[in-house]
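# Breakdown of the fold
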Amino acid sequence: MKTVLSFIRRTSSKTLAALGAAVALVAALGAVAATGADGGNDRPPAKPLAEAIASSLDGQEIDGLSARVTFTNEMLESAGMVKGADPLIGGGSGRLWASNNGDVRIELQSEAGGGDVQIVARGDQLWLYHAAANTVYRTTIEPEEKSGKKDGKEEWPPSVAAVSRMLEQLGSEAVVSGAIPSNVAGKPAYSTRIEPKDQSDLIGGADVTWDASNGAPLRVAIYARGENDPTLAIETTEVSFGAVDDAVFAIQPPASAKVENMSAANAPSAADKPKRPITGLSATRAAAPFELSAPAKLAGLPRSEVMLVGSGDKKSVTITYGEGLGAITVIESAASGKDEAASLGASEQAKRDGIEIPTAKVAGAEATVFGTPLGSLVSFTRDGVRYVVIGSVTEQDALAAARGL
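Residues numbered from 1 in each chain as written. Predicted model: local features only at pLDDT ≥ 70, side-chain atom pairs only at ≥ 80, totals over all residues. Heavy atoms only, no water.

## Observations concerning the overall build of the protein
The criterion, for reference: A helix here means a DSSP run of H or I that spans at least four residues, while a strand means a run of E at least two residues long, and both kinds are numbered starting from the N terminus. A 1.4 Å probe rolled over the protein chains alone gives each residue an accessible area, and that area as a share of the maximum for its type sets the label: buried under 20%, exposed over 50%, partly exposed in between. Surface accessibility follows the Shrake-Rupley procedure with a 1.4 Å probe radius. Residue values consider only the protein chains on display as shielding.
Check the secondary structure of the protein and you find eight helices and 22 strands. A total of 405 residues make up the protein; the buried ones form 45% of that total. By element, 51% of the accessible surface of the protein is carried by carbon and sulfur atoms, the whole surface being about 20,100 Å².

In structure tokens form, the structure reads like this:
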């Protein structure tokens, strides 16, 4: 979390918005595989959802794939920013490659120009090259924690009973439709709609469509509440299955590109990493190197969690108010003159980009406000402390929370 906060401080608004879209894109593509271009308009037979999922995952194995994709992004439509030609901000199309060991490469272009975007996840490294800014952003991917099971592997492919149990758990938090037979780019597929039962956030739901023969998701779309068109969507349009040459993932950005390291400066050493996180208001307040503001309620939501993250002079505190998708998170950290200079530089860069960043007064401080159809962010500095308020809430609710600190 501290890495995210540091990155927010020193990144221009346009690039920050683009990278926010990239995060959403990578998250979606972590699940998306591909669709075939050689089929007709056939649809698979109707099945109960659990059976449709289990039978698809029990289908043919995929060693790797090369695909064409389209990306839709309407996140910034209500944030006071012009989408322009940037493929991450305004949407675009391009190519995707994925190997069976988890390596992924995505390249996007926009019909309006704006320069390419390259995203490469290889091993424990993730980088994004933004041609319009001639800048590459690098970070380290945290390895997954090993399972504590003694008997080894989980059941795979999962049985219909196992999928049914998973859907039952999901049903406690969301309304899930049945399996709808469909066809994407000539491939028989199933789709389902997932809508959260919690109506306090801005997320209206998500559509997931997957290949009936191998379980590979063909389309992922996220909708803002009350909207019929997706706010974010990634869809494959062509594919070839098979092993991908390792050279595809070995590319590097231009040597002339500016490099922003998003993780190395903030990654604590093994000796610095606490064995257990510091949680609870009293313990966190005692350990924080700044005066913590953590009222019992914020914007009508009760305080539910307090946690210290980071180490040394990179410590910050996350405070959660409420539960579930409608929760609001506050990130607090010690501010410095360097941060202020970086913030001013980002503001000047935004002006050069032709972007007007919405601002508001929060307890005498000038706050930066980002409102999108799926959530809002408010950032400001007061009395030597940097605050970031974020959640799937309206801009007004995010501002109300900021003003309550």
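The structure having been displayed, the exposition proceeds.
## A short note on the pattern of salt bridges
Applicable threshold: For this analysis, a salt bridge means a side-chain nitrogen from Lys or Arg found within 4 Å of a carboxyl oxygen belonging to Asp or Glu.
Counted according to the given criterion, the structure contains nine salt bridges. Linking D246 and R122 is a salt bridge whose minimum nitrogen-to-oxygen distance equals 2.6 Å. Residue D246 is found in the loop between β12 (232-241) and β13 (258-261), and its partner R122 is found in strand β4 (residues 117-122); the two are separated by 124 residues along the sequence. Judged by its relative accessible area of 43%, D246 is partly exposed. A salt bridge links D207 to R193; its shortest N-O distance comes to 3.5 Å. Note that D207 is positioned in strand β10 (residues 203-211) and R193 in strand β9 (residues 187-196), a separation of 14 residues in sequence.

## Observations regarding the packing of aromatic side chains
The cut-off we apply is this: Side-chain rings of Phe, Tyr and Trp (the six-membered ring for Trp) are treated as a pair once their centres are within 6.5 Å; stacked means planes under 30 degrees apart, edge-to-face means over 60, and tilted covers the remaining angles.
This model, assessed by the stated rule, comprises two aromatic pairs. Judged by centre distance (6.1 Å) and plane angle (35 degrees), the rings of Y190 and W210 are tilted. Of the two residues, Y190 is situated in strand β9 and W210 in strand β10; the sequence distance between them amounts to 20 residues. Overall, Y190 belongs to the buried group, its relative accessible area being 2%. Judged by relative accessible area, W210 falls into the buried class, the value being 7%. Each ring, one from F380 and one from Y387, has its centre 4.9 Å from the other, and the planes form 15 degrees; the classification is stacked.

## Considering the pairing of strand β1 (residues 64-73)
Heads up, the condition is: Here the rule is simple: two strands pair whenever DSSP picks up at least two bridges between them.
Taken across its ten residues, β1 has seven buried, putting it largely inside the fold. Pairing between β1 and β12: nine bridges, direction antiparallel. Its bridge partner lying in β12, T72 is registered against A233.

## Comments concerning the nonpolar core
What counts, and what does not: Nonpolar cores were defined as sets of buried Ala, Val, Leu, Ile, Met, Phe, Trp, Tyr and Cys residues, with membership established by side-chain atoms within 4.5 Å. Residues are treated as being in contact if the distance between any of their heavy atoms lies within 4.5 Å.
By size, the foremost hydrophobic cluster in this structure holds 28 residues, and its most contacted members are V317, I319, V330, V378, F380, V389 and L405. Mapped onto this core, the elements with two or more residues apiece are β16 (301-309), β17 (316-321), β18 (328-334), β19 (359-362), β20 (365-372), β21 (375-382), β22 (385-391) and α8 (395-403). Discounting residues that sit within four places of it in the chain, V378 has contacts with A367, T368, V369, Y387, V388, V389, A398, L399 and A402.

## What to know about α8
Under the convention used in this document: Arc, as used here, means the arc of the directions from the helix axis to the C-beta atoms.
Among the residues of α8, A398, L399, A401 and A402 are the ones counted as buried. Buried positions in α8, seen along its axis, are confined to an arc of 160 degrees and lie on one side of it. Residues of α8 that are buried make contact with β15 (297-298), β18, β19, β20, β21 and β22.

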